[in-house]
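Understanding the architecture of this molecule
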Amino acid sequence: MSEPAWKVDAKRRYYVSLPAKTKLLRELGKDLAAFPDDLHRDALHSAFHRIHGSAGSYDCDELGRIAAEGERLTCEDLTAPVLERIRGTIDAFDAEVQRLISEGPETLHRARILIVEDDDVTATLLQEILEREGLSTQRAATHGEAVAAIELAPPQAAIIDLTLGSTSALDLLDRVWPRAVPMIVISADKAFETKLEAVRRGCAAYFTKPVEWEELVRKVRAVLEPGLQVRGSRILIVEDDPDQIAYLTPILERAGHTVAPCNDVATVEERLASFDPDLIILDVKLPIASGHDIARYLRQQERYAAVPILFLTALEGSGVETQAIAAGGDDFLRKPVSPEMLLTSVDSRLLRAGRLKTMLERDPLTGLLTHRSLVERIANTVALKQRNASLVFSLVMIDVDFFKRVNDTYGHLTGDHVLSSLGSFLLHHLRGTDLVGRYGGEEFGVILAAPPEQAVEVMRNLLREFSAVTHRSDDGVEFHVSFTAGVAGLEALMSAEEWKLTADRALLEGKRAGRKQVILAQRDESLFDDAVLAPLRELEKRSGVPIIAELTTLFLETLPQRVESMQRGLAAGDAKAIEHAAHAFRSASGNIGARNLAALCGELETAAARGLVDEALVGKVLSESARVQQALRV
Amino acid sequence: MRVLIIDDEEDVRRIAVLSLVNVGKMEVIEAANGMDGVEKARDAQPDAILLDVMMPSMDGPATLAALREEESTRHIPVVFVTARAMSSELSRLRSLGAQGVLTKPFNAMTLPDDLRAILS
């Protein structure tokens, strides 16, 4: 008996998601083994719980049984044998996933991704990455091959290099699009026009080389999951002629937009509220009210005052334009509208409204400064300070805590909701004079016209409030998210880069200290931590022993030996040796209050304990130790 | 009050000794490794032991186990000393049977009181 298509489809998607689930369980399991506390226990427990709940629906009964076992085990006392059994359960889960994927019925074959790429190195790398994610891949090196492959059996998605040899593959997008295969474009071409062109031709995402692979994989997963396709902008068409709607809708949809028609003026307001469009196309000549009347009305509503409006008109005459603009329209289109004209007008209006730009970055956080504008504002602020030293500014760098886990656990749609909620939260809770931007990923930047101590105060309040906000995933699971922030005051003679780095360093410090906190940056020149040195000075007085001098001598004496053992460990690629050297070095630098050095050694120790030989990090430790050495010799 | 500090790092011992003696008015015995530590604990019968977690060859947990095995040292309260301040690490160390955990670097002026607070 064959299953209905929707079920096969749902199963296929579930199978595709299984490797990611295994990965998550593995990570959570490792965390729990390292830190067997309730926090980590709960994380793993609820991951098992969710899988237990869903596996049955996709006929993966054995998988559900294993998850139930994991669910049960994570409730027990976390003794060593129990932790061992939990690990065994995750192994069993992994094995079952492998079995399901390899032995799954033919109809459940893994999602197939077509890679259209003429460069062998890139293609092979892509295939490896995607296959590691449990996807199957197929390669086409030319246009012809790609078209043939798609005609034969449409893949679930296609990754297309826009520059195949010397020719552009834009035409290929036109050939692929009618087959309803989601297209992800990678290209060396960073020109905005090209991106626009590709988006117009229906690509779901545009990556410029060098490609962020993790981001690309996320995007591939997003297009494979239903309801997660890149949504372009939302366009409401108010038009009483069904033929017009039928003509306009596919053109806009193909360009990646979501379209809602409204053919009854009486329901416009309702449609606006439920659809929340980014742009409105209004027919001028409508029954009951004219398009102009509607536009005037909309412009009076705060909520819709900034939404671009395009008028559609069949009327001839020179007065049309003036009338349209006077009514608050942004542009008008004369019927019949050519697809090019329609898209050009729509895109340029959206661009002006600042929406398309964020859409290309797959970032629906409207209202926030983009990365580039934020960097510009930081530079402007520094210039301002140079002209007028009495001005006070603070830069806050904010990072959402465990954001990757939110994405992995609840899906990136929910992750995006979290980001946009933090964005609007910051926007609404800070003053109009403060600038808020999204720096990239889950990182935000805020420039406040306030001294750093005050900025810290403000951010701590915001952190408290934001952490109390309840987020909800698609399946109704409630959760909370916090952030970590680093604050740096702008000092005279500081460059934009230094300012940013100082705030970043404070952010990093906050993350190291366990996240969910706001850290005020210590000035860079303070190599030594007064919290350590002050008691030592006091002890010197009390004991009459020159302890700081003693410690300094000891530190300097042992330094060459420490440096050597670290270098030896590095040369031998011996993580264990590096770990021990870093540990001892960390303790020694901590004792003389060399805070940065101790922190770097701690970072190195942690990395080495995980088996990593991080040459760059060793380099950082050595150069910081040289600074400390120099300071101590003076 | 007599305290034994077992730590392979000279600077750590130096700070602890100066602080416990001068500020805390305590008597302090030093050991640079776990083996020596167990021996000194047996001979000197201290009131408390400060024990470094990460030492070469015989580490803190192993030393603690050895102390607990010996009839004559079983009763002596042990306080771990570690540079890792994560709460999960602290609870792991406590679960091994130590009285408490002190984090490095020490506050040289409050170390004696911090130790007393853990022991009381």
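So, here's what we can say about the structure. Predicted, not measured: the structure shown is a model, and the values here were computed from it.

What follows covers the overall build of chain B. If you tally the helices and strands in chain B, you get five helices and five strands. Classification of the 120 residues of chain B by burial places 53% in the buried group. A separation of at least 24 residues holds for 60% of the contacts in chain B among residues at least 6 apart in sequence.

The next subject is the sheet that holds strand β1 (residues 112-116) of chain A. Sheets are built from strands paired through backbone hydrogen bonds, the pairs being either parallel or antiparallel. Residue and element names in this part refer to chain A. Read from one edge to the other, the open sheet built from five strands follows the order β2-β1-β3-β6-β7, with strand pairing classed as parallel. Each of the sheet's edge strands pairs with one partner strand only, and the pair in question is β2 (136-140) and β7 (205-208). Across the sheet, the mean angle separating the axes of adjacent strands is 20° when strand polarity is ignored.

Ranked by size, the top nonpolar core spans 35 residues in total, and within it A:F555 and A:M566 carry the most contacts. Mapped onto this core, the elements with two or more residues apiece are α21 (530-543), α22 (547-572), α23 (575-591), α24 (595-609) and α25 (615-633) of chain A together with α1 (10-23) of chain B. With 30 residues, the next largest nonpolar core counts A:L368, A:V396, A:F444 and A:V518 among its residues.

Residue and element names in this part refer to chain A. Overall, the coordinates contain three aromatic pairs over all chains when judged by the stated rule. Ring geometry for F466 against F483: centres 6.0 Å apart, planes inclined by 40°, an arrangement best described as tilted. Remark: F483 occurs in strand β18 (residues 483-489) and F466 occurs in helix α19 (residues 452-468); sequence separation between them is 17 residues. For the pair shown, F466 and F483 are each scored as buried. A cation sits over an aromatic face here: R234 above F275, 4.3 Å from the ring centre. Taking the ring centre of Y439 as reference, the NZ or CZ of K500 above it sits at 4.1 Å.

Let us now look at the environment of A:L539. Secondary-structure assignment places A:L539 in helix α21. Overall, A:L539 belongs to the buried group, its relative accessible area being 0%.

Residue and element names in this part refer to chain A. Relative to each other, helix α3 (residues 61-73) and helix α4 (residues 80-103) sit at 165°, their axes nearing to 10 Å. If you check the angle between α3 and α4, you find them roughly antiparallel. Note on packing geometry: the crossing formed by α3 with α4 is left-handed. For the pair α3 and α4, the contacting residues are E62, L63, I66, E69, G70, R72 and L73 in the first and V82, R85, I86, T89, A92, F93, E96, V97 and L100 in the second. Residue classes in the contact of α3 with α4 are distributed as nine nonpolar, two polar and five charged.

Contacts between chain A and chain B engage 24 residues on the former and 20 residues on the latter. Each partner contributes to the roughly 2,200 Å² buried at the junction of chain A and chain B, and carbon and sulfur atoms together form 66% of this total. Three residues, A:L539, A:H583 and A:N591, lead the burial of chain A against chain B; their summed loss comes to 23% of the area buried on that side. Across the chain A-chain B interface, the total number found is one salt bridge.

An α-helical turn contains 3.6 residues, so any two residues separated by three or four positions project in the same direction. All names here are of chain A. End to end, α23 covers 24 Å across 17 residues, agreeing with the expected 24 Å (1.5 Å per residue, within 8%). Of all 17 residues in α23, 14 are buried; the element is thus mostly enclosed. Near the N-terminus of α23, the side chain that reaches the backbone nitrogen of K576, with its oxygen 3.1 Å away, is that of D574. Among the residues trailing α23, G593 stands out with phi positive, at a value near 80°.

So, on to the sheet that holds strand β3 (residues 48-52) of chain B. Residues and elements named next belong to chain B. Here five strands make up an open sheet; going across it, the order is β2-β1-β3-β4-β5 and the pairing parallel. Looking along the sheet, the strands with just one partner apiece sit at the ends: β2 (27-31) and β5 (100-103). Within the sheet, the average angular offset between the axes of one strand and its neighbour, ignoring direction, is 25°. Of the strand pairs in this sheet, β3 and strand β4 (residues 78-82) are connected by four bridges, and their pairing is parallel. Opposite I49, over in β4, you have V78 as the bridge partner. Each of β1 (2-6), β2 and β3 touches α1; the most contacted strand, β2, lies at about 170° to it.

Residues and elements named next belong to chain A. This model, assessed by the stated rule, comprises 30 salt bridges over all chains. Here R72 makes a salt bridge to E69, at a shortest N to O gap of 3.3 Å. Here R72 and its partner E69 are both found in helix α3, three residues apart, which amounts to about one turn of the helix. Since its relative accessible area comes to 40%, R72 is described here as partly exposed. For D120, the salt bridge identified is with R139, shortest N-O distance 3.0 Å.

With that settled, the discussion passes to helix α10 (residues 242-254) of chain A. All names here are of chain A. An ideal rise of 1.5 Å per residue puts 18 Å on 13 residues; α10 measures up with 19 Å between its terminal C-alpha atoms. Within the span of α10, buried status applies to Q244, I245, L248, T249, I251 and L252. In the stretch just after α10, G256 is the one whose phi turns positive, near 95°.

The next point concerns the side chain of A:T122. All names here are of chain A. With respect to the element layout, T122 can be found in helix α5 (residues 120-132). Look at T122 and you get buried, because its relative accessible area is 14%. Ignoring sequence-local partners within four residues, the contact set of T122 consists of E117 and W213.

Residues and elements named next belong to chain B. Relative to β2, β1 runs parallel, the two being bridged by five bridges. Considered in β2, the bridge of V3 is made with V28. On the question of chirality, the crossover connecting β1 to the parallel β2 by way of α1 is right-handed.

A few words on the pairing of strand β11 (residues 309-313) of chain A. Residue and element names in this part refer to chain A. Summarising burial for β11: five of the five residues are buried, a large majority. With four bridges joining them, strand β10 (residues 279-283) and β11 adopt parallel strand pairing. Its bridge partner being in β11, I280 is matched across the sheet by I309. As judged from the four bridges shared by β11 and strand β12 (residues 331-334), these two strands associate in the parallel manner. Its bridge partner being in β12, F311 is matched across the sheet by F332.

Rules used in this analysis
- Residues numbered from 1 in each chain as written.
- Chains lettered and ligands numbered in written order.
- Predicted model: local features only at pLDDT ≥ 70, side-chain atom pairs only at ≥ 80, totals over all residues.
- Heavy atoms only, no water.
- Helix = DSSP H or I, 4+ residues; strand = E, 2+ residues; numbered from the N terminus.
- Buried < 20%, exposed > 50% of the residue type's maximum accessible area, 1.4 Å probe, protein only.
- Contact = heavy atoms within 4.5 Å.
- Pairing = 2+ DSSP bridges.
- Axes fitted to C-alpha atoms, helices over the stretch in contact; angles between N-to-C directions.
- Core = buried A, V, L, I, M, F, W, Y, C linked by side-chain atoms within 4.5 Å.
- Phe/Tyr/Trp six-rings, centres within 6.5 Å; stacked < 30°, edge-to-face > 60°.
- Lys NZ or Arg CZ within 6 Å of the ring centre and 35° of its normal.
- Parallel < 35°, antiparallel > 145°, perpendicular 65-115°, else oblique.
- Left-handed = near helix turned anticlockwise from the far one by under 90°.
- Nonpolar A, V, L, I, M, F, W, Y, C, P; charged D, E, K, R; others polar.
- Buried area = accessible area lost by both parts, 1.4 Å probe.
- Salt bridge = Lys/Arg side-chain N within 4 Å of Asp/Glu carboxyl O.
- Expected span 1.5 Å × (residues − 1).
- Polar contact = N/O pair within 3.5 Å; in protein donor to acceptor, adjacent residues only side chain to side chain.
- Right-handed = clockwise from strand over helix to strand, strands pointing away.

Taken by themselves, the reported measurements are silent on function.
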